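Residues per chain, in single letters:
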Amino acid sequence: MSFRWKIILGVTAIQAALLVILIWNGLNILKHSSEDALLKRTDTTARLFASTAQAAVLATDIAALESFVDEVLSNPDIVYARVLSKQGVLAEKGEKQKLTQKFVADTSLASADHDGVFDAYADIVVAGEKYGRVEIGFSTSAIQQLISETRAKSFGFGMLNLALVGLFSLALGYYLTLGLNALQQGAKRIAVGDLGYQIDVYGRDELAQTALAFNDMSARLKQLDEERASKEAEILRLNQTLERRV
């Protein structure tokens with residue numbers, strides 16, 4: 001694998017890992033905050049409903065209880081509402097499928113995933129004695145849609161980010177390998193005897209400093225070679241002079 005591709009894959013892999021952690025944490029924060037808001041809302045609504053229906057339950061005022069149930073169902077997020085006494089159901093309205101199912105209170109957003117409805121209740125207590133309770137079901141579709149849209153947008157942003165990082169890494173890899181290729185070419189020229197060969201220098205970074213050092217070395221090698229040739233020529237002349245005298 002080339003040095004350029006090592007840079008591209010390395011930088012992209014690091015960025016991808018960071019994005020996964022960031023997106024995962026962001027989605028978890030969104031889910032937990034949405035869950036906390038849902039728990040508070042369902043608890044407050046159920047308690048208010050129980051407080052409102054308290055007198056009608058004690059008086060067994062069915063008409064008033066049905067009116068209270070209608071009022072609760074005017075909230076578009078509430079799927080069903082029910083009022084019970086010790087004897088049984090006094091008033092209920094909403095989705096028939098939910099009304100026929102056994103009530104099981106939810107404690108988290110995950111426990112409501114199976115049907116998309118968060119089931120909550122509040123007891124009707126007077127002077128420490130329980131006379132009944134109210135049950136309501138909140139639709140979690142809005143929360144699930146928000147989480148799904150956020151997940152999709154985060155994924156899209158992540159892909160765009162990785163694409164930009166890939167392009168940046170490609171440009172960086174090209175720049176780095178351009179300098180390295182120049183050094184490699186210079187080394188080959190010196191190897192075949194082209195002493196003093198100079199490579200182009202761009203910028204002031206470490207690669208540029210390395211290129212400058214290479215040029216200094218190449219110039220010094222040429223100088224040393226010229227000095228060697230001069231010494232050899234001088235020695236040759238001296239030898240020829242001695243031979244003539246002999």
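In what follows, the structure referred to is the one given above.
In this text, all values refer to a predicted model and were calculated from it rather than measured experimentally. (Residues numbered from 1 in each chain as written. Predicted model: local features only at pLDDT ≥ 70, side-chain atom pairs only at ≥ 80, totals over all residues. Heavy atoms only, no water.)

Draft legend 1. Summary view of the overall build of the protein. A count of helical and extended segments in the protein gives five helices and four strands. Reading the helices (α) and strands (β) of the protein from amino to carboxyl end gives α-α-β-β-α-β-β-α-α. Since a compact globule built from 246 residues should have a radius of gyration of about 18 Å, the 41 Å found for the protein marks it as more spread out than a globular shape. With the C-alpha coordinates aligned to their principal axes, the bounding extent of the protein is approximately 145 × 30 × 25 Å. Here the protein holds 246 residues, and 28% of them are scored as buried. A sequence separation of at least 24 residues applies to 56% of the contacts in the protein between residues at least 6 apart. Just so you have it, the protein exposes about 15,900 Å², and 60% of that area is on carbon and sulfur atoms. (Helix = DSSP H or I, 4+ residues; strand = E, 2+ residues; numbered from the N terminus. Rg over C-alpha atoms; globule rule 2.2 N^0.38 Å. Buried < 20%, exposed > 50% of the residue type's maximum accessible area, 1.4 Å probe, protein only. Contact = heavy atoms within 4.5 Å. Areas by Shrake-Rupley, 256 points an atom, 1.4 Å probe, with all protein chains shown as cover.)

Draft legend 2. Region of the structure containing helix α2 (residues 62-73). If you check α2, its first and last C-alpha atoms are 16 Å apart, about what twelve residues at 1.5 Å a residue would give, namely 16 Å. Among the residues of α2, those classed as buried are Ala64, Leu65, Phe68, Val69 and Val72. The arc that holds the buried residues of α2, viewed along the axis, is 140°, so those residues lie on one side. For α2, the exposed residues set more than 90 degrees away from the buried face come down to Ala63 and Glu71. (Expected span 1.5 Å × (residues − 1). Arc of directions from axis to C-beta.)

Draft legend 3. Summary view of the nonpolar core. In terms of nonpolar packing, the biggest core is built from 29 residues, with Phe49, Val57, Leu65, Phe68, Val83, Val134 and Ile136 touching the most fellow members. Mapped by element, the contributors of at least two residues to this core are α1 (3-58), α2, β1 (78-85), β2 (89-94), β3 (117-126), β4 (129-139) and α4 (141-191). Of all the elements, α1 adds the most residues to this core, at eight residues. Leaving out residues up to four positions away in the same chain, leucine 65 has contacts with Ala53, Ala56, Val57, Val83, Leu90 and Ala91. (Core = buried A, V, L, I, M, F, W, Y, C linked by side-chain atoms within 4.5 Å.)

Draft legend 4. Quick look at the sheet that holds β3. Strand order across the open sheet formed by four strands is β2-β1-β4-β3, with antiparallel pairing between neighbours. Every interior strand has two partners, whereas the edge strands, β2 and β3, have only one. Taking each pair of neighbouring strands and ignoring which way they run, the sheet shows an average axis angle of 10°. For β1 and β2, the ladder comprises five bridges, and the chain directions are antiparallel. (Pairing = 2+ DSSP bridges. Axes fitted to C-alpha atoms, helices over the stretch in contact; angles between N-to-C directions.)

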